[in-house]
Amino acid sequence: MLLRDKGLLEAAETLCRESLAMRQRVSASDHGSIARHVAQLAIVLKHQGRLAEADKLHRSQLAVMETLYGPDHPQVVGVLFQLADLLTRERQYDEAERLARRALAIQGRAVGEQHLDYAEPLFHLADVLQAKGELREAEALRRRELAIMRRTYGAAHPNVTGSLHGLAEVLLDLGESAEAELLLLEAKSNRDRRGAESPAAAMILPALARLARARRDYSVADSLLIRALRILKTAG
């Protein structure tokens, strides 16, 4: 999926369709593998903005996975994430929330609520709730996610950065800028270990710009956004 990540979406779509067709010819009975190829195509279509087509493919994939493994099997969780994300983009928040809560419940039963693998469904449900405007519950979920990540990796590990950033964004939505700033600076410090001019470090800068704008420090906000764009453009 390198082409998709580089934004070459038409080429990625062609490759996904060719790969899916080949899998269907060679292993027509391998429904799980075919479903995974369907998922890759759906993700590309989602990034193209072709949400209705992606929705249809994700639902088809979910039906296959439920038939293969059962509706409450951990193998279904990833499909639920993808469909919930798509529905959030379509602003179908109620169904997205239902699917994200279902994924969280399945994963909780499978691994327990303190396991690293429980952090991802917390993240996805928080995304839905934040988009829906249910910020306090989103905040609580982000804090649980961050606690798991810190306990697993340690406070200064790069893998913790996304959780710090996610919680900070919710706090900015809530107007709680002081704690948000502390979290963003911690996230930036983690990212800067990979290089202050790295694309990973640049991803924190728009949130810091948002914080500066909230303080009406517009020149700082603009300089942060310009820096982020420059880094990402240089990275290609």
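Here goes a summary of the coordinates provided. Just so it is clear, the structure is predicted and the values come from calculations on it, not from any experiment. (Residues numbered from 1 in each chain as written. Predicted model: local features only at pLDDT ≥ 70, side-chain atom pairs only at ≥ 80, totals over all residues. Heavy atoms only, no water.)

1. Structural notes on the overall build of the protein chain
Applicable threshold: The helix count covers DSSP runs of H or I at least four residues long, the strand count covers runs of E at least two residues long, and both are numbered beginning at the N terminus. Between the two quantities, the radius of gyration covers C-alpha atoms and the globule rule is 2.2 Å times the number of residues to the power 0.38. Accessibility here uses a 1.4 Å probe with only protein chains present; expressed as a share of the type maximum, an area under 20% marks a residue as buried, one over 50% as exposed, and anything in between as partly exposed. A contact between two residues is defined here by any heavy atoms of the two lying within 4.5 Å. Working definition of accessibility: Shrake-Rupley area with a 1.4 Å probe, residue cover restricted to the visible protein chains.
The helix and strand inventory of the protein chain stands at 13 helices and 0 strands. Listing each helix as α and each strand as β along the protein chain from the N terminus yields α-α-α-α-α-α-α-α-α-α-α-α-α. Over its C-alpha atoms the protein chain spans a radius of gyration of 19 Å, differing by no more than 12% from the 18 Å that the globule rule assigns to 236 residues. When each of the 236 residues of the protein chain is scored for burial, the buried share is 42%. In the protein chain, of all internal contacts separated by at least 6 residues, the share reaching a separation of at least 24 is 55%. Summed over its atoms, the accessible surface of the protein chain is roughly 12,100 Å², and 54% of this surface lies on carbon and sulfur atoms.

2. Here we look at the environment of Ile106
Along the chain, Ile106 falls in helix α6 (residues 93–111). When the C-alpha atoms of Ile106 and Gln24 are compared, they prove to be 29 Å apart, with 82 residues separating the residues in sequence. In contact with Ile106, other than residues within four places in its own chain, are Pro71, Asp72, His73, Pro74, Val77 and Leu80.

3. Side note on unusual backbone geometry
Here the phi dihedral of Arg91 falls at roughly 65°; this positive angle occurs in a residue that is not glycine. Along the chain, Arg91 turns up in the loop between α5 (77–89) and α6. Phi is positive for Arg216, which is not a glycine, with a value near 65°. Classification of Arg216 by relative accessible area gives exposed; the value is 68%.

4. Things to note about the nonpolar core
Selection criterion: Nine residue types can take part in a nonpolar core, namely buried Ala, Val, Leu, Ile, Met, Phe, Trp, Tyr and Cys, and a core is a set of them joined through side-chain atoms within 4.5 Å.
One finds Leu80, Leu183 and Leu184 to be the most contacted residues of the largest nonpolar core, which totals 65 residues. For this core, the element with the most residues is α5, which contributes 8 residues. The contacts of Leu80, once residues within four sequence positions are left out, are Leu62, Leu99, Arg102, Ala103 and Ile106.

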